[in-house]
Number of protein chains: 4
Amino acid sequence: MLFERVVSEGIAHLSYIIGDEGKAAVIDPRRDGEVYLDIAARSGCTITHIFETHRNEDYMIGSLALADRCKAEIYHGAAMDFAYGNAVHDGDSFRFGSLSLQVLETPGHTEESISLVVRDTAGGDVPLLVFSGDTVFAGDIARTDFFGVDRKQEMAEKIFDSIMRIFALGDGVIICPAHGAGSVCGGKIADRPFTTVGIEKSTNHLIRMGRQSFVSQRVTESPYKPPYFRTMEHFNRSGAPGVPLPAPRFLTPIELQTLRKCGCQVIDIRAPGGFAAGHIPGSLSIWRNGISSYAGWFLSYENPVVIIDDFNQNTGEIIRQLYRLGYDNVDGILAGGIGSWFKNGGEVGTFRTCTVYGLRERLEREEVFLLDVRDIRNRRDAGFIPGSHHTYLGELPGHLDMIPRDVPVIIYCDAGFKSATAASILAMHQYRDLTTVLGGMAAWERAGFPIGHEK
Amino acid sequence: MLFERVVSEGIAHLSYIIGDEGKAAVIDPRRDGEVYLDIAARSGCTITHIFETHRNEDYMIGSLALADRCKAEIYHGAAMDFAYGNAVHDGDSFRFGSLSLQVLETPGHTEESISLVVRDTAGGDVPLLVFSGDTVFAGDIARTDFFGVDRKQEMAEKIFDSIMRIFALGDGVIICPAHGAGSVCGGKIADRPFTTVGIEKSTNHLIRMGRQSFVSQRVTESPYKPPYFRTMEHFNRSGAPGVPLPAPRFLTPIELQTLRKCGCQVIDIRAPGGFAAGHIPGSLSIWRNGISSYAGWFLSYENPVVIIDDFNQNTGEIIRQLYRLGYDNVDGILAGGIGSWFKNGGEVGTFRTCTVYGLRERLEREEVFLLDVRDIRNRRDAGFIPGSHHTYLGELPGHLDMIPRDVPVIIYCDAGFKSATAASILAMHQYRDLTTVLGGMAAWERAGFPIGHEK
Amino acid sequence: MLFERVVSEGIAHLSYIIGDEGKAAVIDPRRDGEVYLDIAARSGCTITHIFETHRNEDYMIGSLALADRCKAEIYHGAAMDFAYGNAVHDGDSFRFGSLSLQVLETPGHTEESISLVVRDTAGGDVPLLVFSGDTVFAGDIARTDFFGVDRKQEMAEKIFDSIMRIFALGDGVIICPAHGAGSVCGGKIADRPFTTVGIEKSTNHLIRMGRQSFVSQRVTESPYKPPYFRTMEHFNRSGAPGVPLPAPRFLTPIELQTLRKCGCQVIDIRAPGGFAAGHIPGSLSIWRNGISSYAGWFLSYENPVVIIDDFNQNTGEIIRQLYRLGYDNVDGILAGGIGSWFKNGGEVGTFRTCTVYGLRERLEREEVFLLDVRDIRNRRDAGFIPGSHHTYLGELPGHLDMIPRDVPVIIYCDAGFKSATAASILAMHQYRDLTTVLGGMAAWERAGFPIGHEK
Amino acid sequence: MLFERVVSEGIAHLSYIIGDEGKAAVIDPRRDGEVYLDIAARSGCTITHIFETHRNEDYMIGSLALADRCKAEIYHGAAMDFAYGNAVHDGDSFRFGSLSLQVLETPGHTEESISLVVRDTAGGDVPLLVFSGDTVFAGDIARTDFFGVDRKQEMAEKIFDSIMRIFALGDGVIICPAHGAGSVCGGKIADRPFTTVGIEKSTNHLIRMGRQSFVSQRVTESPYKPPYFRTMEHFNRSGAPGVPLPAPRFLTPIELQTLRKCGCQVIDIRAPGGFAAGHIPGSLSIWRNGISSYAGWFLSYENPVVIIDDFNQNTGEIIRQLYRLGYDNVDGILAGGIGSWFKNGGEVGTFRTCTVYGLRERLEREEVFLLDVRDIRNRRDAGFIPGSHHTYLGELPGHLDMIPRDVPVIIYCDAGFKSATAASILAMHQYRDLTTVLGGMAAWERAGFPIGHEK
């Protein structure tokens, strides 16, 4: 029996390959799908089936390109029309050697969401594991807000009932969800690469609160939704383009100058400190580990993207992460990193950084606008720096009118990374006196400074 | 949270690395332990603890060398004296970030066997998974025959009770055993890389038969025990030597000639057909996938070992497999493979192969000695070719007196691999008229030929 | 400065990437061209130019697919019309940082062959190295027989004069040819991964014999030309299809049975011994290291190809080698290797093997037809086994009428590999009593047996 | 024939493996020597000989550890007593298949320096290539200053004469030196991974000036010599310790705090900008690509070393580079990178950065001390920013008395990296008002600002 989980960091996407006696199925393949072919070949298996547990909105699914390479069939839930693949219905069953995969319709996250129950027909036909897609996660339940305010209650009820169907399989059944901790598809997924029905029953807070409380809570919630979701929804229904990973050019500072004039998007993946100490004016700061979460808020699919790093370490990873979000327009990397820009005497933007100790002094001493760009629900609600104003980073470009231009702006976030992204956006809009806080709220708390709470 | 399983093919050994907040533990590390350092480094973790669930007998444990590299402490059960490491007792608990690992004494396979129960203190302290060592496997229970006939009943009772302790943790708990399918430590481990308490409760045949039946059955059993187990037991108690992987020399046919005169062990890892068609006289045939299971029966730790292949593909894997069994005496590889031996005009041994159709004809036509070298319990008991005599491959060298020298010997096994090993052993003992059966018992059955059964 | 040689084993093809200050050129890219993108990315270079030193006939060039990935321009000699790319002329020059690459027209192997002379403009503009394509190799000169008997003299004169142009660059210039030892494009290329003008002047036998002798010799020669050359010539002129590496399915014995009925081509990559001891009837034996040299003689581009191995080790390499020859029709691999065929009780073909000692006995004792399938020029001419008849392996299918069907056929070659290919072809044509000689002519010579010479 | 060059970036060290017919030699192995074993195994070769062209001073040679792994013999020049290995003399010759390696004594860089001339005995015994060690490089000649002022002339004469011996081998001979561009063993090695006698004759400026001029010039020179050279010299004569690559622990900010109190050395490998914007007080800034060149000036072999990065990308490379310099005391890496230090609210040091435009303004406006830390010979001599004072970075700790403490210090270097190292050293010595110049002299020149010259 073949069973492997393929983790795509960043989007915290979990896909799976499962097989027996030479035939294998892939569940929710990512776009850069060589990995499945490699696992299959190493295991002496042919990928014959590809299952999509649902139409994804947070990444571009790789079913079509993979199916093309290995001549597999694609399957998804029947409750939505896709431009490709085959519809499956509750109870449909597929055999791989002695394994069976049976479709369990589990709507809620989307209408056509399905789960797949794996049984070993040679071992008494007991359910062994379930691919639960975006239904239940370790310690969390998937979002149910995609169908508008009117259907919030309905979808929340549906997902709860779907989970109960999964739980009925038995406590010992292993749950294989489509996302791990850090995904934008679940707010508080546990940092745990496995779970079971039994574990979720005893530990999943949302489930333990009961159907009614869960639905009531869900009705009041409005999770953030980055704009690239629309593009993903479109392509994941109509079929994602099968282009290979971009092979961006290495640009000299002079070539980059030229490209900037034509409106390219410059994305600086360095840590906040380096960006503050000197960056290319107009560039967007997203530290390398933040790409998967924040690129989709700010990057367009049109203009070419150029990547700036210090030493161009592992830029292939960045290209891959952007590619998974559908960005096929990564055209350049600044050769030699930001240092070559400096050497060449190019224009340089800077802003200041301060520690929380420095922040406290400034707050006492000057008039400043203190901006908190954290997630409101998970973070700001739990306490903030007194006197700060809040706008979530993702929504900052639409809320510039709330930020004054005549006083210094100091920005903080959770740990000091997102604040640099915010500063880069403000700088693009001609804010000039900007400071970000090293270590952010975490450092503020650690210093034992006072914490404000919403009344 | 870090959690990865490291599979060592061949011995079907499963080891694990688990950690949180920068500290990690390794459970039952294999000897070539770079893999744990790599995973830890990639995950930003330091290996601080190494747990041995028991004193292993089927492979050489890598605790000492790994501990030396990363300055970790080693822990094992208190019921046996080890020459290294620290003793732990039931209830002892270790913290890794928000995870706790608690010792559960689970004797039966060995006296000092322990399991380790993992809980997430941040998630309600519910048991999540258990490292069960050689206690319960997916679909099987570990051997309990290592302490002699007198204690068979006692050890069988102990292991059953230990498993009940594990089962008491709850159906949802994931079981992480130390072996997968193919191990010599369990006869019928399921080919499934995961299990849970719930799954085992519903599917594990040995457990479902109940304590009394299980113990009664165990008392009558005598599993095969290869001679290298003694060496492993010795080193795994006193501390395994910390030598690096051997870097064998590539030998010319002439150099190999010289070494053969000094008594080197020549092991031919090719498939049976190639061996039959031409091999170096005196060489031992073990096809590459059989090394982990059969080398320990026939190879000595003293004389240098030389490897023969067709094209020297992935010989590093073979060296690694032998190294895991403690063979540090792999000194040579025939450069250019067996073809260079032929080119050089060296002596060549051959024997014949036949299909099951050919076998049937010969059985009707001539007087032959038909030898079955399969496992008696799992295989021969289920049926055999009428007229065949049985000796298990591993025990063949001690039973040569039962094999006549004046008639042709035809050897068969399950699928046609082990019979070549048997033929190579008989050839070393001057048997001359040897034939092996392509496809073995599997092909015989597929052909629909008659099958005999012990009365 | 970036300079790397990329070796494609099998076809012994040498390609190069050279660059400076962020821009790079690839010379004669192979079809699986990720390697160039990887080197370029690692070195911070963009591939902007691709040069083809000539229209290749022995492998499918990867220019178009690579150009597509990295948006590079393709260049080749002007003396032939290509369906893609740009024509360059003698003296055309390209800059990469401080390097210049200058075109030197060097016809002879083909009409449009060019060489590229590399100079460092920052270091006095002295020629440093020359990419000589298929003009001069280490110790050899490329074939000049592609334009028919009538133009043999003309092309031989041209290549000699072209080499003189290269030699005029100076003794210290490093020569970077497009092939190394083992290529079908040169009979006796030295097994040496480097050379210089100075080294060739002192050691290249063909050059040292002088223009007149060289041309005279060339006029008399007719090197073997495998049929796939035509396909390569076609595609390398019109543009090779940009399909990805095949991802063949793993087939069960039963699926393979079905495919065989539909006319698939079964290629067995095992060593000769295993093939002799048991193979699938109708399969073609080409040992894994012989694929690049012999597949193009016998495999068609139409019917699907299925690969048979013992243990399916590194089959990816085989698929890659076939892909480089334009075989996009590799559709299957027998899952579990030949052993699964045997287990399943499938039909089995066999033939015999013998040592040279056994051969000698048989020659004395019986009437046999002894067949020598070696290269006539390099091998047979130097001596043979008395009484043997000769047909070159590649041309065997067209010369079956010379091989009797009523006596045993014994086949030998250089070392015992090609004879199994020959035997597999004879077996396909219903020859039944076949034997191949282990170790071939090499073993015969080593045994000190008599050697015959053509009068 | 096997021939591969192994490049160790950073120290720009070139080592080689060469072999034939299954036996290979390694020339000047680096300390992390698995690479040679891997190449040898892949090529079917055994490493039987290890040659040291001379006692190295810039890296720790790996001969002993490698010899131990593959049971090879070590050889070095006879003119120095080594505590291990065998002495060879001019004319000694070694055979590897058809290759011969002949010793050519080439003193100058050190007394016992040897070169190794490779001939192919099957190809007319013509010299093919020469391993020239630290004698002649591409475009440069090795240092000759290690034996004190008194022997400068003698050693310069010797090396020139040695090179003439190499040149006598013929223009076509390929030169394989022990260092490439960027090495501390030659000031101006060309950025070219190959050369020949012919190329050097036409392009090597030092050789072209003639023996007398060369010697005269050498007598006046005093290249920088980092303090770690002494340690290397000691170990490379007595035998380097055979410890494996360090496996440093990941430290929490709190653990690092504790270690700092015990005197650990904190090395920050980030780019200058990030370091300026916030660093751990007392840490040494050496950007990741500067480790090999500058660690040996400032790091001690005693106290434990802890590495700080932004995202801990490829820290294995850094550990490897330090290991090659003999640093076995890399004990820790800050888990989570510098961001975790900030989050934890640890102390933070900062200094300012400015562009050259900003610098110019400040120079006009305020009294500052402008410090140039570039190499005097290759850089400062060619022009500097008017008003600047010079001390070479490596020698800065010994020249602090020249740097005032009562005015702001602005530091510049070639491109903006070394100045951060200088700033980190000044900060350790309680200098407080520090600024480094982004882009350094390169940006200054590019801006067209005035350049000063020594009278």
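Everything quoted here is computed from the prediction, not taken from an experiment.

Help me understand the environment of Pro-404 of chain A in this model?
Residues and elements named next belong to chain A. Mapped onto the elements, Pro-404 comes out in the loop between strand 22 (389-390) and strand 23 (409-412). Residue classification places Pro-404 among the partly exposed positions, given a relative accessible area of 24%. Separated by 346 residues in sequence, Pro-404 and Asp-58 place their C-alpha atoms 33 Å apart. If near-sequence neighbours (up to four positions away) are discounted, Pro-404 is found in contact with Phe-369, Val-409 and Tyr-431.

In this structure, what is going on with the sheet that holds strand 22 (residues 389-390) of chain B? I would like to understand it.
Either a parallel or an antiparallel arrangement is found when strands of a sheet pair, and the pairing is made through backbone hydrogen bonds. All names here are of chain B. What the 5 strands build is an open sheet, ordered 20-24-23-21-22; its pairing is parallel. Since the sheet does not close on itself, it has two edges, and those belong to strand 20 (352-354) and strand 22, each with one partner. Of the strand pairs in this sheet, strand 20 and strand 24 (residues 434-437) are connected by 3 bridges, and their pairing is parallel. Looking across to strand 24, one finds that Arg-352 is bridged to Thr-435. On top of the sheet, helix 14 (residues 418-428) reaches strand 21 (369-372), strand 23 (409-412) and strand 24; it is set at about 170 degrees to strand 24, its chief contact.

Would you mind showing me how to read the relation of the copies chain B and chain C here?
Each of the two chain copies can be generated from the other by rotation about an axis followed by a shift along it. Note on the copies: chain B fits chain C at an RMSD of 0.0 Å, the axial shift is 0.0 Å, and the rotation between them is 180 degrees. Taken together, the rotation and translation describe the operation of a two-fold axis. Closest approach to the rotation axis among the C-alpha atoms of chain B is made by Gly-274 of chain B, whose C-alpha sits 1.9 Å away. In this assembly the copies share their binding face: 97% of the residues contributing to the interface of chain B also contribute to that of chain C.

Please clarify how the packing of aromatic side chains should be interpreted in this entry.
Centre distance and the angle of the planes are the two values used to describe a pair of aromatic rings. Going through the model one piece at a time under the given rule, you end up with 80 aromatic pairs over all chains. Measuring from ring centre to ring centre gives 5.2 Å for Tyr-228 of chain A and Phe-229 of chain A, while their planes differ by 75 degrees; the resulting arrangement is edge-to-face. Each member of the pair, Tyr-228 of chain A as well as Phe-229 of chain A, is classed as buried. Pairing Phe-146 of chain C with Phe-229 of chain C gives two aromatic rings, centres 6.0 Å apart and planes at 80 degrees, and the pair type is edge-to-face. Remark: Phe-229 of chain C occurs in helix 7 (residues 228-238) and Phe-146 of chain C occurs in the loop between strand 12 (140-141) and helix 3 (152-167); sequence separation between them is 83 residues.

Help me out: how do you make sense of the interface of chain B and chain C in this one?
How big an interface is tends to be reported as the loss of accessible area on association of its parts. Taken together, the contact between chain B and chain C spans 32 residues of the former and 31 residues of the latter. Of the roughly 2500 Å² buried between chain B and chain C, counting both surfaces, carbon and sulfur atoms make up 63%. Taken as a group, Phe-311, Gln-313 and Lys-343 of chain B account for 24% of the area that chain B buries against chain C, more than any other trio of residues on that side. At the boundary of chain B with chain C, the tally comes to 0 salt bridges. In this assembly, chain B and chain C are joined by 11 residue pairs in polar contact (both at pLDDT 80 or more). When residues of the side of chain B that touches chain C are traced back to their parent elements, those giving at least two are helix 9 (272-277), helix 12 (338-343) and helix 15 (440-446) of chain B. Each residue belonging to the side of chain B that touches chain C can be placed in one class, and the counts come to 14 nonpolar, 12 polar and 6 charged.

Just to check I follow, could you spell out the confidence of the model for chain A for this structure?
Note that predicted coordinates carrying low pLDDT should not be read in detail. Averaged over every residue, the pLDDT of chain A is 95; residues scoring 70 or more account for 100%. Both scores are available for the predicted complex, with the pTM at 0.95 and the ipTM at 0.95.

Looking at this structure, how should I read the interface of chain A and chain B?
The interface is formed by 21 residues belonging to chain A together with 21 residues belonging to chain B. The contact between chain A and chain B buries some 1700 Å² in all, and 73% of this surface belongs to carbon and sulfur atoms. Considering only the side of chain A, the residues that lose the most area to chain B are Met-1, Leu-128 and Phe-194 of chain A, jointly responsible for 30% of the buried surface there. Remark: the boundary between chain A and chain B carries 0 salt bridges. Here chain A and chain B share 4 residue pairs in polar contact (both at pLDDT 80 or more) between them. For the side of chain A that touches chain B, the secondary structure elements donating two or more residues are strand 10 (127-133), strand 14 (195-196) and helix 4 (197-203) of chain A.

What counts, and where the lines are drawn
- Residues numbered from 1 in each chain as written.
- Chains lettered and ligands numbered in written order.
- Predicted model: local features only at pLDDT ≥ 70, side-chain atom pairs only at ≥ 80, totals over all residues.
- Heavy atoms only, no water.
- Helix = DSSP H or I, 4+ residues; strand = E, 2+ residues; numbered from the N terminus.
- Buried < 20%, exposed > 50% of the residue type's maximum accessible area, 1.4 Å probe, protein only.
- Contact = heavy atoms within 4.5 Å.
- Pairing = 2+ DSSP bridges.
- Axes fitted to C-alpha atoms, helices over the stretch in contact; angles between N-to-C directions.
- Least-squares fit on C-alpha atoms with pLDDT ≥ 70 in both.
- Phe/Tyr/Trp six-rings, centres within 6.5 Å; stacked < 30°, edge-to-face > 60°.
- Buried area = accessible area lost by both parts, 1.4 Å probe.
- Salt bridge = Lys/Arg side-chain N within 4 Å of Asp/Glu carboxyl O.
- Polar contact = N/O pair within 3.5 Å; in protein donor to acceptor, adjacent residues only side chain to side chain.
- Nonpolar A, V, L, I, M, F, W, Y, C, P; charged D, E, K, R; others polar.
- pLDDT = per-residue confidence, 0-100.

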